2 protein chains.
Amino acid sequence: MWTFDAFPTAKVTAAYGFTPSKSFLNHVRESSARIAGGCSASFVSPQGLVMTNHHCAVGCVEQLSTQQKNLVEAGFYAKRAEDEVKCPGFELDRLDAVDDVTATVRSATAGKSGRAFLDSLQTAEAKLSSSCGKTEAIRCDVVSLYHGGTYDLYHYKRYTDVRLVFAPEFGVAQFGGDPDNFNFPRYDFDVSFVRAYEGDKAAATPEYLHWSKAGSKPADLVFVSGNPGSTQRLLSVSQLTSIRDQADPHILPALAELRGLLEEYQTQGAEQQRETNETLFFIENSFKAITGEQQALFDPVFFGRKVAQERAFRAAVARRPALQKTVGGDWDKLAAVQLRKAQLATRYVAIAEGPFTDLFRWARTLVRYPVEKAKPEAKRLPEYGDARLVTLPQQLLAPIPVYPGPEELMFNFWAKKTREDLGADDPFVKQVLGTKSPARWAHDLIAGTKLGDVAARKALYDGGTAAVDASQDTMIRFVASVDAQARSVRKQYEDEVTSPENKLSEALARARFAILGTSVYPDATFTARLSYGTVKGFTDANGDAVTPYTTVGGLYNRATGSEPYALPQSWLAAKASLDSNTAMNFSSTNDIIGGNSGSPVVDKAGDLVGLIFDGNIFSLGGAFGYDARVNRAVALDSRAILAGLRTVYHADRVVSEIESGG
Amino acid sequence: MWTFDAFPTAKVTAAYGFTPSKSFLNHVRESSARIAGGCSASFVSPQGLVMTNHHCAVGCVEQLSTQQKNLVEAGFYAKRAEDEVKCPGFELDRLDAVDDVTATVRSATAGKSGRAFLDSLQTAEAKLSSSCGKTEAIRCDVVSLYHGGTYDLYHYKRYTDVRLVFAPEFGVAQFGGDPDNFNFPRYDFDVSFVRAYEGDKAAATPEYLHWSKAGSKPADLVFVSGNPGSTQRLLSVSQLTSIRDQADPHILPALAELRGLLEEYQTQGAEQQRETNETLFFIENSFKAITGEQQALFDPVFFGRKVAQERAFRAAVARRPALQKTVGGDWDKLAAVQLRKAQLATRYVAIAEGPFTDLFRWARTLVRYPVEKAKPEAKRLPEYGDARLVTLPQQLLAPIPVYPGPEELMFNFWAKKTREDLGADDPFVKQVLGTKSPARWAHDLIAGTKLGDVAARKALYDGGTAAVDASQDTMIRFVASVDAQARSVRKQYEDEVTSPENKLSEALARARFAILGTSVYPDATFTARLSYGTVKGFTDANGDAVTPYTTVGGLYNRATGSEPYALPQSWLAAKASLDSNTAMNFSSTNDIIGGNSGSPVVDKAGDLVGLIFDGNIFSLGGAFGYDARVNRAVALDSRAILAGLRTVYHADRVVSEIESGG
């Protein structure tokens, strides 16, 4: 997960006899993109054609669906250019430049700690982010690597007019569903195409990936370009223990219960399935990912290695008197912060974060926006900085459909969990529920809100404080009634947990720099990284060897006809026309993590050979450390993509665009 | 949790200046009873009137309900003796005598280990259990205390004709529902009355508890007589770690998901609620109990104490060369067994235990019964020993209603979990599901079985192997098709985990005897125990003092009118007639655990002052160790019971029976 500007070229040359040139690196970076919300992508034609995973665009497909036409189930193909349909709220970013702003940030935060440190950091970041322009086509983010070890300003070209071009049926895109998720061998056609537009025309994207003619083979050196979301490889043992013993045991059963609620909701019918498929996928995926992380932390060998690393690091610090003086006590301080976190986290999650739904998110934005906007930028919550306010309307007013059933389910679940976690005697719980049951409360809340309508949101957005204060919308009134407590719980948590933890982590990260330099790559931060590795199988939990490729024939063998192993009609019909030996999915040693979904896999020529969509079960511990023996990335083979587009879908317009580019 | 025959009278005298006499102990023991399935109870009149918790009899109330008449919701009162209704499958046991059979068991198992040890132990136990008679009115169990440190033969008087006399409405019995469960302050009327019958007449029970006139007050010495189900206070650190890091993280999310499924199933209507209330209660209760246990194990102070205890024990063993030679290596061996357990437990739970439903349990019994019966007793699975076969028909042929919806839900859940845990490529999974989805498979299975009818079960029971082999019932065919694998997985688990673990635990328990003697009480084994303690409050997690009594007035204050804080009409109507100062629930320092539900609380006179129904949240760690500072038992006050019976329910027949006894 190296940054493009600190790629270890010499290491790669030494190991593989291949030297990635500066132009190779630029070509790959400029052909790559990021999807706001948590995915990666690549440009695959000069006319803004973008490839990503199906599961990265399924939200759009779902939003374009109606009760009459379920595009998630049926798939989508824009036969003509004018059939391409805009994806509501979809944002695509391409990284164009990186400036080192470490000195600026350091001088702004010098000598500060606690809340003052966090405030000055946020102010400096907001100022820097706003400095490169406030148009929708430009996005600038301050990115901190090595937990505050360095600060960079990332300049992105931003596309907010993104249209759906092609998506296969859910049944083949996520073939094997949850049981096969994070498993390999695997057989998924997890691909979709969208197109970036500018001024109502296909965007010009001169840098794009050419399709490899030959594809890959075992042991090939391959590169993955993407935006790994988040790793915690520098965490202290006390922080890891806190995740293992406090956070995970709280979140996992909550996700499992929500999963059960949604599964049973889905049994009510096809419409209920359509409404909640994306949420259920998200919940199941999160559950499995966190379970995998927790398993790694429970593994005495893995955890023992983390303990040994920290011991070695502490010893190295102790040998340097100056370092020992500044950070020698920081591990104990971090451990103390974990105890405070254990006390405050439950209230923070329940009250400061609140229900995980669109309606709640919108209502909170509507309530807070006019209040925050009236303040000087430095005093605002960071998500209301000037740069953020530019895209706020796009997110708030996107025509995303809202379904009362699942919204009610989610609010009911939140209220029940909050009462369970804080207790029925808690004043916040009493204030929210009054004499109502959680179910009744959620029902009344959803019945009395119009925030599902874009027009209602726009009126409140335009009307500002006066409109919000006068609104009788139940959701607005609920959010307004708890906002003071939500802000206060958040402030306390930031003051006593987030802020000291960040400060201590930064100090330890800088100490680590002083000792180890950049011989390791920084934790993932959902920004552009390049990983190298080889196409390779592994040995599974039973001790059996797993080969790195699956085939199209294997896909048909696995298809039972029952969900989640039911192939759509298109694939059943095309069986005879497809070469059963075509490579379907493959595994490689690239170090990836959530956020890498949709990342292109390229060969030494910089040509496209695959599309990352998953990791194997062992890769989940990768959040805390990479284990080269068994961690594997899982990709859809470029040859299968082309065969599918051509033979199964007859998507000739896309095929010829790809091939003329290639 | 002392046994009646090793009660520390001297200790109690020294601490409280009160000496429990032999006749006091006999009176309490003979007035106490056990409900097979996991509860405790007491005789409260000479005519077999038995008091226990509502939640211990709710299964019966549910079974007596119909779609037209929901007795769980409405409550039940037999105005006349002839209105008392038989509870299907309800078994009540009273402990009458205990024989020490340690020598017999030791000689049978001498020099054996592994499977041979387990086999000879089971054979000896089966022989001893059968030795005291094979009539339904006698039950004999071999009870091992101190993990095989001693063996006793418990003689019970068994009542299988048990009839429902009184049960309040669910809404007040379990007022506060899941959010208040394991919490205090508390306000539950969790009581019910049943009656033991013999020869179609009320059983004569000359020993019974008299109702205290005065009730209890703070700091009073009180005794709890009951059958604590299971504690694991002698577990090694490796065993505790296995529970914390392997078992709990697997079971808790599974329970949470099942909870979500049932919660959403209940939203479909009142009938769906009625069908699943008991199961949902069981799931939520288990989830909270295991969560509490896991929290204790995650607590560094608590776990550190266990580590220190083991270190001290190992050191004490090391100081005794003879002991060191025999058991010095057993901790490492136990740790090795835990690793094997981690590998085998998932398959064991999925295949050997199987789905948790009545239909599955019955089908497995029907398939196995004729096969096992044909073997000599020593070769049978222990649950088919001669003594067990006596009650098998009662359990198998009880007219318990079966609901297709929840059964289908449970089988679907089992199939999904099994595929998730073992993987879609597992041969067992492939054999069970074939090309079906779990939902389809479960649907077909339930649609094709008649085992919900007692007559169908009876025909197969009577018909033996020939009838089972010829049966086309889908459930029978499913169970038969996986029985060989279920037996083989069970055998492997017993050979490699259960058996060596038992053997090692026994060896360590005997070593512990040699060092500590009986200065500590044995782990709970769902057998008769007596606990002493005082009526006392505690300090809650926020540092606030909690007083030991709640009042009837507090119940009304807490009633919001919404579930689970909605009082039934009977209580709302009686409000003015009740003294709001009447003690409702109270907390005491008695050491109790699941299985103690329904235990009587008696004063120094041996009179009834309360009815145990719960423990506070801190008591959950009691599975592994009692913490006198915060562990509290929670009881329903005897004064509230009488006030409720008299003023709310006008249950004059029960009141006068109690009062004439008192």
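To start, this report covers the structure provided alongside it. These figures come from a predicted structure and were not determined experimentally. (Residues numbered from 1 in each chain as written. Chains lettered and ligands numbered in written order. Predicted model: local features only at pLDDT ≥ 70, side-chain atom pairs only at ≥ 80, totals over all residues. Heavy atoms only, no water.)

## With respect to the sheet that holds strand β18 (residues 600-602) of chain A
Residues and elements named next belong to chain A. On the basis of which strands lie adjacent, the open sheet formed by 7 strands has the order β13-β12-β18-β19-β20-β17-β16 and antiparallel pairing. The sheet is open, and its two edges are formed by β13 (529-534) and β16 (549-551), each paired on a single side. Ignoring which end each strand starts from, the neighbouring axes of this sheet average 30 degrees apart. Where strand β12 (residues 221-226) lies against β18, 2 bridges are found, and the strand directions are antiparallel. Looking at the pairing, V224 lines up with V601 of β18. The sheet contacts of helix α1 (residues 9-16) involve β12 and β13, and relative to β13 the element is tilted by about 10 degrees. (Pairing = 2+ DSSP bridges. Helix = DSSP H or I, 4+ residues; strand = E, 2+ residues; numbered from the N terminus. Axes fitted to C-alpha atoms, helices over the stretch in contact; angles between N-to-C directions. Contact = heavy atoms within 4.5 Å.)

## A short note on the pairing of strand β7 (residues 138-145) of chain B
Residues and elements named next belong to chain B. In terms of burial, β7 is largely enclosed, as 6 of its 8 residues are buried. One ladder, built from 8 bridges, connects β7 with strand β8 (residues 150-159); its direction is antiparallel. The residue bridging V143 from the neighbouring strand is D152, located in β8. Connecting β7 to the antiparallel partner β8 that follows it, the hairpin turn spans 4 residues, and Y146 within it adopts a positive phi of roughly 50 degrees. (Buried < 20%, exposed > 50% of the residue type's maximum accessible area, 1.4 Å probe, protein only.)

## Overview of the state of the cysteines
Residues and elements named next belong to chain A. Inspection of every chain in the model, using the stated rule, returns 6 disulfides over all chains. Between C39 and C56 runs a disulfide, and the two sulfur atoms are separated by 2.1 Å. Of note, the bridge from C39 to C56 carries an S-S torsion of about -75 degrees and is left-handed in sense. Here the residue C39 occupies a position in strand β2 (residues 39-43), and C56 occupies one in helix α3 (residues 54-64), the gap between them amounting to 17 residues. Accessibility classification places C39 together with C56 in one group, the buried group. Two residues, C60 and C87, share a disulfide whose sulfurs are 2.0 Å apart. In this structure the cystine formed by C60 and C87 twists about its S-S bond by roughly -75 degrees; its chirality is therefore left-handed. One end of the pair, C60, is in helix α3; the other, C87, is in the loop between β5 (85-86) and β6 (92-100), with 27 residues separating them in the sequence. Looking at C60, the relative accessible area reads 4%, which means it is buried. (Disulfide = S-S within 2.5 Å.)

## A closer look at the pairing of strand β20 (residues 633-637) of chain B
Residue and element names in this part refer to chain B. The buried fraction of β20 is high, at 5 of 5 residues. As paired elements, strand β17 (residues 583-588) and β20 share 4 bridges and run antiparallel to each other. Looking across to β20, one finds that S587 is bridged to V634. Where strand β19 (residues 608-615) meets β20, 5 bridges bridge the pair, whose relative direction is antiparallel. By the bridge assignment, G610 is partnered in β20 with D637.

## Regarding helix α16 (residues 404-422) of chain B
Helical geometry note: an α-helix holds 3.6 residues per turn, so side chains three or four residues apart project in the same direction. Residue and element names in this part refer to chain B. Between its terminal C-alpha atoms α16 stretches 26 Å, which fits the 27 Å expected from 19 residues at 1.5 Å a residue. Along α16, the residues classified as buried are P406, E407, L409, M410, F411, F413, W414, A415, K417, T418, R419 and L422. After α16 finishes, the residue G423 shows a positive phi value of roughly 95 degrees. (Expected span 1.5 Å × (residues − 1).)

## Overview of the relation of the copies chain A and chain B
Once turned by 180 degrees and shifted 0.0 Å along the axis, chain A lies on chain B with an RMSD of 0.0 Å. On the angle and the small slide along the axis, the relation comes out as a two-fold axis. Both copies contact each other with a shared surface, as 100% of the interface residues of chain A are interface residues in chain B too. (Least-squares fit on C-alpha atoms with pLDDT ≥ 70 in both.)

## Looking at the sheet that holds β19 of chain B
All names here are of chain B. Strands sit in the order β13-β12-β18-β19-β20-β17-β16 across an open sheet of 7 strands; the sheet is antiparallel. Edge positions in the open sheet fall to β13 (529-534) and β16 (549-551), since each of these has one partner strand only. Each neighbouring strand pair of the sheet contributes to a mean axis angle of 30 degrees, computed without reference to strand direction. Contacting β12 (221-226) and β13, helix α1 (residues 9-16) crosses the sheet at an angle of about 10 degrees to β13.

## A short note on the side chain of E372 of chain A
Residue and element names in this part refer to chain A. Following the sequence through the fold, E372 ends up in helix α14 (residues 358-373). Note on E372: relative accessible area 0%, which makes it buried. Of note is the side chain of E372, whose polar atom sits 2.7 Å from the backbone nitrogen of L381. A distance of 2.8 Å separates polar atoms of two side chains, one belonging to E372 and the other to R487. Non-local contacts of E372, meaning those with residues more than four positions away in its chain, are made with K379, R380, L381, Y384 and R487. (Polar contact = N/O pair within 3.5 Å; in protein donor to acceptor, adjacent residues only side chain to side chain.)

## Quick word on the environment of Y403 of chain B
Residue and element names in this part refer to chain B. Looking at the element boundaries, Y403 is found in the loop between α15 (386-396) and α16. Remark: the alpha-carbon pair of Y403 and T449, spanning 46 residues in sequence, is separated by 12 Å. Ignoring anything within four residues of it in the chain, the contact list for Y403 reads E62, E271, R274 and E275. A polar side-chain atom of Y403 sits 3.2 Å from a polar atom in the side chain of R274.

## Re the interface of chain A and chain B
Put simply, an interface is often sized by how much accessible area is lost when its parts join up. Residue-level contacts link 36 residues of chain A with 36 residues of chain B. Of the roughly 3,100 Å² buried between chain A and chain B on both sides combined, carbon and sulfur atoms contribute 50%. The interface formed by chain A and chain B contains 8 salt bridges. Of the charged contacts in the structure, one is a salt bridge between E420 of chain A and R259 of chain B, with a shortest N-O distance of 2.9 Å. Where chain A meets chain B, there are 14 residue pairs in polar contact (both at pLDDT 80 or more). Per-element tally for the side of chain A that touches chain B: the top contributor is helix α9 (residues 237-266) of chain A, with 12 residues. Taken together, the residues of the side of chain A that touches chain B break down into 12 nonpolar, 8 polar and 16 charged. (Buried area = accessible area lost by both parts, 1.4 Å probe. Salt bridge = Lys/Arg side-chain N within 4 Å of Asp/Glu carboxyl O. Nonpolar A, V, L, I, M, F, W, Y, C, P; charged D, E, K, R; others polar.)

## Observations regarding helix α11 (residues 300-318) of chain A
Residue and element names in this part refer to chain A. The first and last C-alpha atoms of α11 sit 26 Å apart over 19 residues, in line with the 27 Å expected at 1.5 Å per residue. Buried within α11 are the following residues: F302, F303, K306, E310, F313, A316 and V317. Angularly, the buried residues of α11 cover 145 degrees about the axis, an arc narrow enough to put them on a single face. Opposite the buried face of α11, at more than 90 degrees from it, the exposed residues are P300, V301 and R311. Among the structural elements, α9, α10 (270-298), α12 (321-327), α13 (330-353) and α20 (474-516) are those in contact with the buried residues of α11. (Arc of directions from axis to C-beta.)

## Looking at empty space enclosed by the protein
To find leftover empty space, one rolls a probe the size of a water molecule over the atoms. Inspection of the entire model under this criterion finds 11 cavities of 30 Å³ or more. Taken as a whole, the largest cavity holds about 80 Å³ of empty space. Taken together, the elements giving at least two residues each to the lining of the largest cavity come down to β1 (32-35), β6 and β12 of chain A. A breakdown of the residues in the lining of the largest cavity according to their chemical character gives 5 nonpolar, 4 polar and 4 charged. As a volume, the second largest cavity reaches approximately 70 Å³. Lining the second largest cavity, in full, are R29, S32, A33, R34, D93, R94, L95, Y156, S225, G226, N227 and A528 of chain B. Elements with a contribution of two residues or more to the lining of the second largest cavity: β1 (32-35), β6 (92-100) and β12 of chain B. A per-class count over the lining of the second largest cavity returns 4 nonpolar, 4 polar and 4 charged. (1 Å grid on protein atoms, 1.4 Å probe; cavity = no way out; pocket = protein on both sides within 12 Å on 5 of 7 lines; lining within 4 Å. Points joined across faces, edges and corners; volume = space filled by probe spheres on them.)

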